[in-house]
Amino acid sequence: MTFKQSTHQRHKRSPLPLFTMSWFLALFWVSPLWAQQLPVVTDNGFIEAARTGNLDALKAAHAAGYSVDSLGRNGQSALHAAAEWGHLAAVQQLLDWGAKPDKRAKTRHTAMNYAVVYGHREIIRALLDAKADPNRAGPNYEVPIITAARLGHEKIVRLLLKAGGDVRETDSTGRTASEWAREMRHPKIFGLLKAAGG
């Protein structure tokens, strides 16, 4: 085998690992599981109780005078923390105390933005029942229905459509929800959105 032949064969084999790596990076970017990590800085007792879903501690902290909507050291309110980590009972309790469902964290996430990212459908339903805006944008001007479409959350897309999610909204890249569904290869979601006018 000549050097020229060997080099040519190496070049023929090289696309496979590059293709594999590109898909790994794509999955890393779209998967919320990679991003959900405990905060580096421990927050106040009220927000930490919401993050862990400890209702007794949450009620005790509320009775001690913690403000329902105040942002903690990590830039989140108790409602943000409970919605992100999937604690429905804590979310409902905070809403009963008057927590604002559309309040933004320092990252621009609302409680609904967090719940959509991590697929917490019942929390989204509770927020909608509390009059949360289904079209309030989060980071990168991404409204909840775009996030749900991009991540492949079909049931959440259906829920947001029923609640008035706007299929014409675009994010900071100029893409609509249906364009993201097509790009990320979610054909059922793409069909739903196109049928809704997206």
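Rules used in this analysis
Along each chain, residue indices are assigned from 1 in the same order as the chain's sequence is written. In keeping with the predicted nature of the model, local features appear solely for residues at pLDDT of at least 70, side-chain atom pairs appear and are counted solely at 80 or more, and the whole-chain, interface and lining totals rest on all residues. Side-chain numbers here rest on the full set of heavy atoms in the structure, without hydrogens or water. Here, the term nonpolar core denotes a set of buried Ala, Val, Leu, Ile, Met, Phe, Trp, Tyr and Cys residues that are joined through side-chain atoms within 4.5 Å. Using a 1.4 Å probe on the protein chains alone, a residue whose accessible area is under 20% of its type maximum counts as buried, one over 50% counts as exposed, and one in between counts as partly exposed. Only heavy atoms matter for contacts: two residues are in contact if any of them lie within 4.5 Å across the pair. Helical segments are the DSSP runs of H or I of at least four residues, strand segments are the runs of E of at least two, and each set is numbered from the N terminus. Helix axes use the C-alpha atoms of the stretch in contact, all axes being lines fitted to C-alpha atoms, and the angles between their N-to-C directions lie in the range 0 to 180 degrees. Each angle receives one of four descriptions, namely roughly parallel if under 35 degrees, roughly antiparallel if over 145, roughly perpendicular if within 65 to 115, and oblique otherwise. Put simply, a crossing is left-handed when the front helix is turned counterclockwise from the back one by less than a right angle, and right-handed when it is turned clockwise. Only Asp, Glu, Lys and Arg are considered charged in this grouping, and only Ala, Val, Leu, Ile, Met, Phe, Trp, Tyr, Cys and Pro are considered nonpolar; every other residue, Gly among them, is considered polar. Counted as salt bridges are all cases of a side-chain nitrogen of Lys or Arg within 4 Å of a carboxyl oxygen of Asp or Glu. Any pair of Phe, Tyr and Trp rings, taking the six-membered ring for Trp, is counted once the centres come within 6.5 Å. Such a pair is stacked with planes under 30 degrees apart, edge-to-face with planes over 60 apart, and tilted for the rest.

Caption draft 1: Fine view of the nonpolar core. Formed by 42 residues in total, the largest nonpolar core has its most connected members in Leu94, Ile124, Leu127, Ile145 and Leu193. Apart from residues lying up to four places away in sequence, Leu94 is in contact with Phe46, Ala50, Leu58, Val68, Ala78, Leu79, Ala82 and Ala99.

Caption draft 2: Looking closely at unusual backbone geometry. Look at Lys131: it is not a glycine, yet its phi comes out positive at around 75°. Judged by relative accessible area, Lys131 falls into the exposed class, the value being 70%. You will see that Tyr141, though not glycine, has its phi angle at about 55°, which is positive. Inspection of the secondary structure puts Tyr141 in the loop between α8 (121-129) and α9 (144-151).

Caption draft 3: Representation of the packing of helix α4 (residues 55-63) against helix α6 (residues 88-96). Taken N-terminus to C-terminus, the directions of α4 and α6 make an angle of 20°; their axes are 10 Å apart at the nearest point. Taken together, the axis directions place α4 and α6 in an arrangement best described as roughly parallel. Judged by the twist between their axes, the crossing of α4 over α6 is right-handed. Between α4 and α6, the residues in contact are Leu55, Leu58 and Lys59 and Ala89, Ala90, Gln93 and Leu94, respectively. In terms of residue class, the contact of α4 with α6 is built from five nonpolar, one polar and one charged.

Caption draft 4: Spatial organisation of the pattern of salt bridges. On inspection of all chains with the given rule, the structure shows six salt bridges. Across the pair Glu154 and Arg158 runs a salt bridge whose closest N-O atoms are separated by 3.1 Å. Taken together, the residues Glu154 and Arg158, both in helix α10 (residues 154-162) and four residues apart, mark about one turn of the helix.

Caption draft 5: The packing of aromatic side chains, seen in detail. A complete count under the given rule lists two aromatic pairs for this structure. When the centroid spacing of 6.0 Å and the interplanar angle of 5° are considered together, the rings of Phe46 and Tyr66 count as stacked. Of this pair, Phe46 sits in helix α3 (residues 45-52) while Tyr66 sits in the loop between α4 and α5 (78-84); the two residues are 20 residues apart in sequence, bridging distant segments of the chain. Among the residues examined, Phe46 registers a relative accessible area of 1% and is labelled buried. Exposure remark for Tyr66: the relative accessible area of 36% places this residue in the partly exposed category. These aromatic residues form a ring-pair network of at least three members: Phe46, Tyr66 and Trp97.

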